[in-house]
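Each chain, written out:
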Amino acid sequence: MSLVARIFRREQLDRYLETDKKFIKTMSAFDLIALGIGAVIGTGIFILPGTVAATKAGPGIIISFIVAAIVCSTSAMCYAEFASALPVAGSAYSYGNLVFGEIVGWVLGWALILEYVLAVAAVSSAWGAYFQSFLAGFHIGFPKAISGPFMPSQGTYGNLIAIIIVVLISWMLNQGMRSSVRLNNIIVVVKIGIILLFIVVGMFYIKPSNWHPFLPYGWHSAHGGVLGGAAAVFFAYLGFDAVSSSAAEVKNPKKNMPIGIIGTLIVATILYVGVSIVLTGMVSYTKLNVSDPVAFALQFVHLNWVAGIISLGALAGMFTMMVTMIYSSSRLIYSIGRDGLLPKFLGTLDKKGSPKNSMITITVVIAFMGGFVPLDQLTNLVNIGTLIAFLFVSFGIIPLRRNKEIQNHHGYQVPWYPVLPIISGLLCMLMLSQLQAETWIASGIWFAFGLVLYFGYGLRHSQLGK
């Protein structure tokens, strides 16, 4: 068999279903939406509506969020069809293996590892900073030496809080999905409650004059306008794809997976738009280019007590985001180990139906990155990893429909096929073209390393080769 034929061998769905049946199916549609909201709604909801309104869109930020949601929904529908047709662990990695071939699956898996690891590491570091400022409000200090990345010149040797929170979440997830999902659901409900508190209280302080002019920068201008604002907030919706990692642990995945993915996007859009309406109505958009616009708006109208609660909402938002991403990354690493492309011990399940080995491995990596590595310049790589996965999932609907071995009877299907999947793929390409050159260079190094690993280890140990 030629090298090209070997690397484009496709996996069989039956083998995945057989291997993944050891997972315990406990998750409902509500659990999936909570997981998705946990990943999508983080601290960004308290920051982006203000800063993007001030710098790009004005009150038109409200329309920007709707436009970005419509763009994202095209990819979400493609993910929903894949999750319905292929109820297996591994998200886009497994989808790529089944419809394109092993090398494409590996590249998508490698892109998702980049997305998940960097996202959680960056958020764990930010969570540590937020938690310290929260403690400072009670006059509880924290030693500087253990409150930042390893930078001896600035007196910091590791972020202890970031390490502890990652280990704590991983321990929680390892106790079993039923109890973990229950706790995640409670925190997500608290987080949504805090966001709704801001919307309801803030409504009484809206001055319609703050919405004039509604489109100060127009639809598209040098400043950005509504469309520039949509491009800026597009990344606020990323994370719903993590829901698809849980397909092997979902009750009735054909029905519940599409509800979980599309439902996440709908709820997130309502919350983002609601915050944008109230925020730009409370304070003139020209004053919102600050690091914490929601807290600023509340202090502006003398609602300091609500501003304090918002900081709790930020902590809750980051916590649930880490829960979803650590959970998803452990299932991703398990899937790659299951196929032999990473060491086989990563692809095993313990007696509780949990991928304990992959969970421990990913926890060590994330805790090290979040605790010791400065990540300020690397977070843009999260976006490129996500968009590459979106791109292949969008165009992948076409070979999925043509694959006679994969049946999706009574499952969700993308409307307006094949036009909508093609539009989705083209929109992903457009968003990729907006990323900076240094992001492409750094990701190029990451993918080159991934290909060396695949050809040096994965190709020789692949289950398909056996």
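By the naming in an unreviewed UniProt entry, the protein is Putative amino acid permease YhdG, taken from Lentilactobacillus parabuchneri. Of the comments in the UniProt record for the protein, the one headed Subcellular location (unreviewed entry) reads "Membrane".

### Concerning the pattern of salt bridges
Taken as a whole, this structure holds eight salt bridges when the rule is applied. Note that arginine 9 and glutamate 102 form a salt bridge whose closest N and O atoms lie 3.7 Å from each other. Taken together, the positions of arginine 9 in the loop between helix H1 (3-7) and helix H2 (13-20) and glutamate 102 in helix H7 (residues 102-136) put the pair 93 residues apart, joining distant regions of the chain. The class for arginine 9 is buried, based on a relative accessible area of 14%. The exposure class of glutamate 102 is buried, given its relative accessible area of 2%. In this structure, arginine 331 engages glutamate 249 in a salt bridge whose closest nitrogen and oxygen atoms are separated by 3.0 Å. Highlighted residues: arginine 331 in helix H13 (residues 304-338) and glutamate 249 in the loop between helix H10 (225-233) and helix H11 (253-282), separated in sequence by 82 residues. The same class applies to arginine 331 as to glutamate 249, namely buried.

### As for the packing of helix H15 (residues 380-402) against helix H17 (residues 437-461)
Relative orientation of the contacting elements H15 and H17 amounts to 65°, with a least axis distance of 10 Å. The orientation of H15 relative to H17 falls into the category roughly perpendicular. In terms of crossing hand, the pair formed by H15 and H17 is right-handed. Of H17, the residues touching H15 (which contributes Asn380, Leu381, Ile384 and Ile388) are Thr439, Trp440, Ala442, Ser443 and Phe447. Its residues assigned to classes, the contact of H15 with H17 shows six nonpolar, three polar and no charged.

### Thoughts on the packing of aromatic side chains
If you walk through the whole model with that rule in mind, you get 20 aromatic pairs. Ring geometry for phenylalanine 23 against tyrosine 334: centres 5.1 Å apart, planes inclined by 80°, an arrangement best described as edge-to-face. Placement of phenylalanine 23 in the loop between H2 and helix H3 (29-40) and of tyrosine 334 in helix H13 is noted, with a sequence separation of 311 residues between them. Its relative accessible area of 4% is what places phenylalanine 23 among the buried residues. What links up through ring pairs into an aromatic cluster is the set Trp106, Trp110, Trp446, Phe449, Tyr454 and Phe455. Across the ring face of tyrosine 16, the terminal group of arginine 338 is positioned such that the distance to the ring centre comes to 3.7 Å. A cation sits over an aromatic face here: arginine 401 above tyrosine 417, 4.3 Å from the ring centre.

### Structural notes on a nonpolar patch on the surface
Taken together, the side chains of Phe142, Ile146, Leu160 and Ile164 define a hydrophobic patch exposed on the protein surface, amounting to about 310 Å² of accessible area. With respect to the element layout, isoleucine 146 can be found in the loop between H7 and strand E1 (147-151). A relative accessible area of 33% places isoleucine 146 in the partly exposed class.

### Focus: the environment of phenylalanine 150
Within the element layout of this structure, phenylalanine 150 appears in strand E1. Residues phenylalanine 150 and glutamate 438, spaced 288 residues apart in sequence, show a C-alpha to C-alpha distance of 23 Å. Excluding its chain neighbours within four sequence positions, the residues that come into contact with phenylalanine 150 are Thr156, Tyr157, Gly158, Gly371 and Phe372.

### A word on unusual backbone geometry
The residue after histidine 212, namely proline 213, is reached through a cis peptide bond having omega -5°. With respect to the helices, strands and loops of the structure, proline 213 is situated in the loop between helix H9 (177-203) and H10. At the junction of tyrosine 417 and proline 418, the peptide bond is cis and its omega measures out at 0° in the coordinates. Structurally, proline 418 is set in the loop between H15 and helix H16 (419-433).

Definitions and limits used
Residues numbered from 1 in each chain as written. Predicted model: local features only at pLDDT ≥ 70, side-chain atom pairs only at ≥ 80, totals over all residues. Heavy atoms only, no water. UniProt positions renumbered as here; feature names shortened; annotations may be inferred. Salt bridge = Lys/Arg side-chain N within 4 Å of Asp/Glu carboxyl O. Helix = DSSP H or I, 4+ residues; strand = E, 2+ residues; numbered from the N terminus. Buried < 20%, exposed > 50% of the residue type's maximum accessible area, 1.4 Å probe, protein only. Axes fitted to C-alpha atoms, helices over the stretch in contact; angles between N-to-C directions. Parallel < 35°, antiparallel > 145°, perpendicular 65-115°, else oblique. Left-handed = near helix turned anticlockwise from the far one by under 90°. Contact = heavy atoms within 4.5 Å. Nonpolar A, V, L, I, M, F, W, Y, C, P; charged D, E, K, R; others polar. Phe/Tyr/Trp six-rings, centres within 6.5 Å; stacked < 30°, edge-to-face > 60°. Lys NZ or Arg CZ within 6 Å of the ring centre and 35° of its normal. Patch = residues over 30% accessible without salt bridge, like charges linked within 9 Å, V, L, I, M, F, W, Y side chains within 5 Å. Areas by Shrake-Rupley, 256 points an atom, 1.4 Å probe, with all protein chains shown as cover.

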